[in-house]
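What follows is the residue order along each chain.
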Amino acid sequence: MAFGRLERTRPPQPMADINMTPLIDVMLVLLVIFMITAPLMASSLKLDLPKAEGASPGDNPVFLSVAVSLDGQLHLGDEQVNDAQLTLRARQASQQDPNTEVQLRADEKVPYGRVAELIGLLQDAGLSHIGFITAGPPAKPAAP
């Protein structure tokens, strides 16, 4: 009397191929992230800020970020402007809020005369709260 089969079936063979779908999904997500962040990184202005100890930039909610590059070009935020455009925008900002703060970033190799000229231009426009942004305290040399 036989209660079962005598034939034994083989279990299915393991699949030796790599499932590429998760790998492709991860690569597409990384591609999208890099496509979004690359323009943001390229538009930043490279400045060699002087190093100094002092207070951090103010938390004033209304401020203008002005930068002077090594070649003396002015930047308002990420936009390159000339002296007349900066004066106009500074005058508009001072009319909206006279307590608008100017956060001034200047490359350490920019002549002091150019920075002083810029400060005078901002003060003529009605902005008197001007803060200098630095890179932080200079690194201390290691003791021998």
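The preceding data block contains the structure.
Just so you know, these numbers come straight off a predicted model, no measurement behind them.

Asker: Looking at this model, I keep getting lost on the overall build of the chain. Mind explaining?
Answerer: A tally of regular secondary structure across the chain gives three helices and five strands. When the helices and strands of the chain are listed from N to C terminus, the series reads α-β-β-β-α-β-α-β. Counting every position in the chain, which comprises 144 residues, the buried fraction comes to 24%. Across the chain, every contact between residues at least 6 apart in sequence was considered, and the portion connecting residues at least 24 apart equals 74%.

Asker: In this structure, what is going on with the pattern of salt bridges? I would like to understand it.
Answerer: For side chains of opposite charge, pairing can occur when their charged atoms come near one another. Applying the stated criterion to the full structure yields three salt bridges. Measuring nitrogen to oxygen at the nearest pair gives 3.2 Å for the salt bridge that ties Arg 114 to Asp 83. With a gap of 31 residues between them, Arg 114 in helix 3 (residues 112-124) and Asp 83 in helix 2 (residues 83-96) connect regions that are remote in the sequence. In this structure Asp 83 comes out as partly exposed when scored by relative accessible area, which is 27%.

Asker: So what exactly am I meant to see when it comes to helix 2 here?
Answerer: Owing to its 3.6 residues per turn, the α-helix brings residues three or four apart onto one side. The terminal C-alpha atoms of helix 2 lie 20 Å apart, and with 14 residues this matches the ideal 20 Å at 1.5 Å per residue to within 8%. For helix 2, the full list of buried residues reads Leu 86, Thr 87, Ala 90, Ala 93 and Ser 94. Taken end-on, helix 2 shows its buried residues confined to a sector of 130 degrees, consistent with a single buried face. For helix 2, the exposed residues set more than 90 degrees away from the buried face come down to Ala 84, Gln 95 and Gln 96. For helix 2, the N-terminal cap is Asn 82; the gap from its side-chain oxygen to the backbone nitrogen of Ala 84 is 3.2 Å.

Asker: Would you take a moment to explain the packing of helix 2 against helix 3 for this structure?
Answerer: To characterise two packed helices, one gives the angle between the axes of the helices and the distance between these axes. Axis separation between helix 2 and helix 3 bottoms out at 8 Å; the angle between their running directions is 40 degrees. Relative to helix 3, helix 2 is oriented oblique. The two elements helix 2 and helix 3 cross, and the hand of that crossing is right-handed. Contact residues: Asp 83, Leu 86, Thr 87, Ala 90 and Arg 91 in helix 2; Arg 114, Glu 117, Leu 118, Leu 121, Leu 122 and Asp 124 in helix 3. Class assignment of the residues belonging to the contact of helix 2 with helix 3 gives a composition of five nonpolar, one polar and five charged.

Asker: Please explain the pairing of strand 5 (residues 129-132) as it appears in this structure.
Answerer: Note on strand geometry: in a regular strand, side chains alternate between the two faces of the sheet. Relative to strand 5, strand 4 (residues 101-106) runs parallel, the two being bridged by four bridges. Following the sheet pairing, Glu 101 is matched in strand 5 by His 129. Taken together, strand 4, helix 3 and strand 5 constitute a β-α-β crossover, and its handedness is right-handed.

About the thresholds
- Residues numbered from 1 in each chain as written.
- Predicted model: local features only at pLDDT ≥ 70, side-chain atom pairs only at ≥ 80, totals over all residues.
- Heavy atoms only, no water.
- Helix = DSSP H or I, 4+ residues; strand = E, 2+ residues; numbered from the N terminus.
- Buried < 20%, exposed > 50% of the residue type's maximum accessible area, 1.4 Å probe, protein only.
- Contact = heavy atoms within 4.5 Å.
- Salt bridge = Lys/Arg side-chain N within 4 Å of Asp/Glu carboxyl O.
- Expected span 1.5 Å × (residues − 1).
- Arc of directions from axis to C-beta.
- Polar contact = N/O pair within 3.5 Å; in protein donor to acceptor, adjacent residues only side chain to side chain.
- Axes fitted to C-alpha atoms, helices over the stretch in contact; angles between N-to-C directions.
- Parallel < 35°, antiparallel > 145°, perpendicular 65-115°, else oblique.
- Left-handed = near helix turned anticlockwise from the far one by under 90°.
- Nonpolar A, V, L, I, M, F, W, Y, C, P; charged D, E, K, R; others polar.
- Pairing = 2+ DSSP bridges.
- Right-handed = clockwise from strand over helix to strand, strands pointing away.

Function-wise, these values are silent; they only describe arrangement.
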